[in-house]
Amino acid sequence: RLPTAVPEYWSCQGAWTVPVDESTLDALREIFGDASKLVDCAWRIEKEDLWIQYAEERNKVLQQMEQLQRQDIFLEQWTSRVEARKLPG
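Residues numbered from 1 in each chain as written. Predicted model: local features only at pLDDT ≥ 70, side-chain atom pairs only at ≥ 80, totals over all residues. Heavy atoms only, no water.

Draft legend 1. Main features of the pattern of salt bridges. If you walk through the whole model with that rule in mind, you get five salt bridges. Residue Arg-44 is joined to Glu-46 by a salt bridge in which the shortest nitrogen-to-oxygen separation is 2.9 Å. Neither Arg-44 nor Glu-46 differs from the other in exposure class; each is buried. Taken together, the shared-partner salt bridges in this structure form one network comprising Glu-22, Asp-26 and Arg-29. (Salt bridge = Lys/Arg side-chain N within 4 Å of Asp/Glu carboxyl O. Buried < 20%, exposed > 50% of the residue type's maximum accessible area, 1.4 Å probe, protein only.)

Draft legend 2. Spotlight on the packing of aromatic side chains. Inspection of every chain in the model, using the stated rule, returns two aromatic pairs. Where Trp-10 meets Trp-51, the ring centres are 5.7 Å apart and the plane angle is 65°; that geometry is what we call edge-to-face. Here the residue Trp-10 occupies a position in the segment before strand E1 (16–19), and Trp-51 occupies one in helix H2 (residues 48–70), the gap between them amounting to 41 residues. Measuring from centroid to centroid gives 5.2 Å for Trp-51 and Tyr-54, while their planes differ by 55°, and the two rings are tilted. (Phe/Tyr/Trp six-rings, centres within 6.5 Å; stacked < 30°, edge-to-face > 60°. Helix = DSSP H or I, 4+ residues; strand = E, 2+ residues; numbered from the N terminus.)

Draft legend 3. Representation of H2 in the model. Taking 1.5 Å per residue as the helical rise, H2 with its 23 residues ought to reach 33 Å, and the 33 Å between its terminal C-alpha atoms agrees with that figure. Taken as a whole, H2 has its buried residues at Trp-51, Ala-55 and Asn-59. The positive-phi residue at the C-terminal boundary of H2 is Asp-72, with phi of around 60°. (Expected span 1.5 Å × (residues − 1).)

Draft legend 4. How the structure looks around unusual backbone geometry. Residues other than glycine seldom take positive phi values, yet Asp-72 does so here, at roughly 60°. Relative to the helices and strands, Asp-72 resides in the loop between H2 and helix H3 (81–84). In this structure Asp-72 comes out as exposed when scored by relative accessible area, which is 61%.

Draft legend 5. Spatial organisation of the environment of Glu-46. Counting through the fold element by element, Glu-46 comes out in strand E2 (residues 43–46). Separated by 30 residues in the primary sequence, Glu-46 and Trp-16 have C-alpha atoms spaced 5.1 Å apart. Setting aside chain neighbours within four positions, we find Glu-46 in contact with Tyr-9, Trp-10, Ser-11, Cys-12, Gly-14, Ala-15, Trp-16 and Val-18. A distance of 2.9 Å separates polar atoms of two side chains, one belonging to Glu-46 and the other to Arg-44. (Contact = heavy atoms within 4.5 Å. Polar contact = N/O pair within 3.5 Å; in protein donor to acceptor, adjacent residues only side chain to side chain.)

This is the structure we're talking about:
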């Protein structure tokens, strides 16, 4: 089971729009490639109830994948470009 708690780097003050740090902005520019010239700034939305909903759905997907594996149905692993960058806060 994956954690459902909000990330440690969140400000945890309800619903907020928080500017991302420079390393995250650089990672986003790399992800967007040629369109990165259009990325001047970015924000992270911190809304606890949406995060919990996301985390619960992520755990449902994990459970479904484990169920498929128990049935000897194996899925190829893949990583999205966003996930591969392991974006910081």
